[in-house]
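One-letter residues, chain by chain:
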Amino acid sequence: MQNYKVYPVFNINIVKAKGAYVWDDKGTKYLDMYGGHAVISIGHSHPKYVSNISKQVNEIGFYSNSIKIPIQEELAHELGELSGFPDYNLFLCNSGAEANENALKLASFQTGRKKVLAFKNGFHGRTSLAVAVTDNPKIQAPVNPTDHIDLLELNDEKGVRTALASNEYAAVLIEGIQGIGGIYEPDPVFMESLKKACKDTGTLLILDEIQSGYGRTGRFFAFQYTNIKPDLITVAKGMGNGFPIGGVLIAPKFEATYGQLGTTFGGNHLACAAGQAVLEVIKEEGLIRNCGEIGSYIKTELDDIKEIKEIRGKGLLLGFEFDEPVKEIRSRLITEYKIFTGAATNPNVLRLLPPMTIGKQEADTFVKALKEILS
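Residues numbered from 1 in each chain as written. Predicted model: local features only at pLDDT ≥ 70, side-chain atom pairs only at ≥ 80, totals over all residues. Heavy atoms only, no water.

So, on to the overall build of the protein chain. Helix and strand counts for the protein chain stand at 11 helices and 14 strands. Relative to the globule expectation of 21 Å for 375 residues, the C-alpha radius of gyration of the protein chain, 20 Å, shows essentially globular dimensions. Overall, the protein chain is about 55 × 55 × 45 Å in size when its C-alpha atoms are taken along their principal axes. Within the protein chain, the fraction of its 375 residues that count as buried is 54%. With an accessible surface of roughly 17700 Å², the protein chain has 51% of that area assigned to carbon and sulfur atoms. Between the averaged position of the 40 positive side-chain charges in the protein chain and that of its 44 negative side-chain charges there is a distance of 2 Å. (Helix = DSSP H or I, 4+ residues; strand = E, 2+ residues; numbered from the N terminus. Rg over C-alpha atoms; globule rule 2.2 N^0.38 Å. Buried < 20%, exposed > 50% of the residue type's maximum accessible area, 1.4 Å probe, protein only. Areas by Shrake-Rupley, 256 points an atom, 1.4 Å probe, with all protein chains shown as cover. Lys, Arg positive; Asp, Glu negative; His and termini not counted. Charge placed at Lys NZ, Arg CZ, Asp CG, Glu CD.)

What follows is about helix α7 (residues 188-201). In this model, α7 (14 residues) spans 20 Å end to end at C-alpha, consistent with the 20 Å of a helix rising 1.5 Å per residue. Burial in α7 covers these residues: Phe190, Met191, Ser193, Leu194, Ala197, Cys198 and Thr201. Here the buried residues of α7 occupy an arc of 165 degrees about the axis, which is enough to place them on one side. More than 90 degrees from the buried face of α7, the exposed residues found are Val189, Lys196, Lys199 and Asp200. Here the buried face of α7 lies against β5 (115-119), α6 (157-164), β7 (169-175) and β8 (204-208). Just downstream of α7 lies Gly202, where phi reads positive at about 70 degrees. (Expected span 1.5 Å × (residues − 1). Arc of directions from axis to C-beta. Contact = heavy atoms within 4.5 Å.)

Here we come to the layout of surface pockets. Space inside the second largest pocket adds up to approximately 1000 Å³. Around the second largest pocket sit 31 residues that line it, and Gln72, Glu73, Leu90, Phe91 and Ala256 are the ones nearest its centre. Those elements giving two or more residues to the lining of the second largest pocket turn out to be α3 (70-83) and β4 (89-93). Sorting elements by how many residues they give to the lining of the second largest pocket places α3 first, with seven residues. Looking at the lining of the second largest pocket residue by residue, the classes come out as 15 nonpolar, 12 polar and four charged. (1 Å grid on protein atoms, 1.4 Å probe; cavity = no way out; pocket = protein on both sides within 12 Å on 5 of 7 lines; lining within 4 Å. Points joined across faces, edges and corners; volume = space filled by probe spheres on them. Nonpolar A, V, L, I, M, F, W, Y, C, P; charged D, E, K, R; others polar.)

Turning our eyes to something else, we now look at the packing of aromatic side chains. Summed over all chains, the structure comprises 10 aromatic pairs. Pairing Phe85 with Tyr88 gives two aromatic rings, centres 4.8 Å apart and planes at 70 degrees, and the pair type is edge-to-face. Tyr88 carries the same exposure label as Phe85, and that label is buried. Measuring from ring centre to ring centre gives 5.8 Å for Phe119 and Phe190, while their planes differ by 90 degrees; the resulting arrangement is edge-to-face. Here the residue Phe119 occupies a position in strand β5, and Phe190 occupies one in helix α7, the gap between them amounting to 71 residues. Taking relative accessible area as the criterion, Phe119 reaches 2% and is therefore assigned buried. Among the aromatic residues, ring-to-ring pairing joins Phe85, Tyr88, Tyr214, Phe220, Phe221 and Phe223 into one connected group. Of note, Lys16 hangs over the ring of Trp23, and the distance from its end group to the ring centre comes to 4.9 Å. Of note, Lys314 hangs over the ring of Tyr225, and the distance from its end group to the ring centre comes to 5.0 Å. (Phe/Tyr/Trp six-rings, centres within 6.5 Å; stacked < 30°, edge-to-face > 60°. Lys NZ or Arg CZ within 6 Å of the ring centre and 35° of its normal.)

Turning our eyes to something else, we now look at α6. Helical geometry note: an α-helix holds 3.6 residues per turn, so side chains three or four residues apart project in the same direction. Of all the positions in α6, only Gly159, Val160, Ala163 and Leu164 are classed as buried. Across the axial projection of α6, the buried residues extend over an arc of 115 degrees, all falling on one side. The exposed set on the far side of α6, more than 90 degrees from its buried face, consists of Lys158 and Thr162. Taken together, the buried residues of α6 touch β5, β6 (149-152), β7 and α7.

In the structure shown here, the tally under the stated rule is 16 salt bridges. A salt bridge links Glu153 to Lys120; the nearest nitrogen and oxygen atoms lie 3.6 Å apart. Here Glu153, found in the loop between β6 and α6, pairs with Lys120, found in the loop between β5 and α5 (128-132); they are 33 residues apart in sequence, far enough to count as distant. Under the relative-accessibility criterion, Glu153 is labelled partly exposed at 47%. Taken together, the shared-partner salt bridges in this structure form one network comprising Lys48, Glu280 and Glu284. (Salt bridge = Lys/Arg side-chain N within 4 Å of Asp/Glu carboxyl O.)

Let us now look at the state of the cysteines. Summed over the entire model, instances satisfying the criterion amount to zero disulfides. Of all cysteine sulfurs in the structure, the one in Cys93 sits closest to Cys272, which takes part in no disulfide; the separation is 11 Å. Under the relative-accessibility criterion, Cys272 is labelled buried at 0%. (Disulfide = S-S within 2.5 Å.)

This part covers the side chain of Asn52. Take Asn52: it is sitting in helix α2 (residues 47-59). Residue Asn52 is classed as buried on the basis of its relative accessible area, which comes to 19%. When near neighbours in sequence (up to four residues on either side) are disregarded, Asn52 contacts Ala273, Gln276, Ala277 and Glu280.

The analysis is restricted to geometry; functional conclusions fall outside its scope.
Have a look at this one:
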């Protein structure tokens, strides 16, 4: 039996990782400026992370949600305090797609409505409902599309007001910053107009912060650059620094009932231990502030490069758009300069999603390499 080959891969076998660096089986060292799709938040093999998981697995790694798991309550409390949502509740699952599926179900349960409004160029996951609200027909099987989903252009205030006035929508789902689409930011004025339209029509607002959350943008959540407060917030990726974990932050107005949601592996002891380590390191090492500072530094250093058409994003969630595809640039960064970066649905966009622990040394290494390639 062989792997079902669904990913194009670089011919690199990574066997070791530390901080912002990884090594292949030949001993070659690479700078990781992609973090495995923004998953590596506190750096590879962080001592606190390794210690938490090792200690937990020596005690108990897993049992089902049919028993008390106090570490879940501890994680929920710590996440509420650090994120600024101490009065919200937390449902734990295993991935971002699951988080969005469960958030959409909750919205439909709460409102009794079927329809969902989302936005073009968005990505919300690959499970059935999550992929249906994702603007990419190539990854939708014939069973996925549904007439319950409508997509609008990002920042289309009039379109939102017109659609929601029908009172048919359970929820609006939007990314804090569109990630894989190419790092496109919702306008703050649009976000506040969107929240008002939701409130006026009894529609619930779901913020997908799976890639843009957990401090990466210089705030705990990207939407915290505005004055809005969503009804549901979905998280994953950086939440576990590589250990599979996701969650939905749920406003107090939702009342849980037994059997409404469920999960086998969600909120297991090991996942929660990983999640606690991430929150502790973010807080102790000031990583949210670091993201803001280093992100601004990279932007400043590359702001005058004429080949870069536009720099988008905040903190360490950055996109660099060029007039032509970035495939060759990414290839040269990896093969010649030993630096990992990311692509986007838009082939002209280079994405940067490094560990939130990087400093000016790593930033300068990337900036120097990109400038040399472009010159």
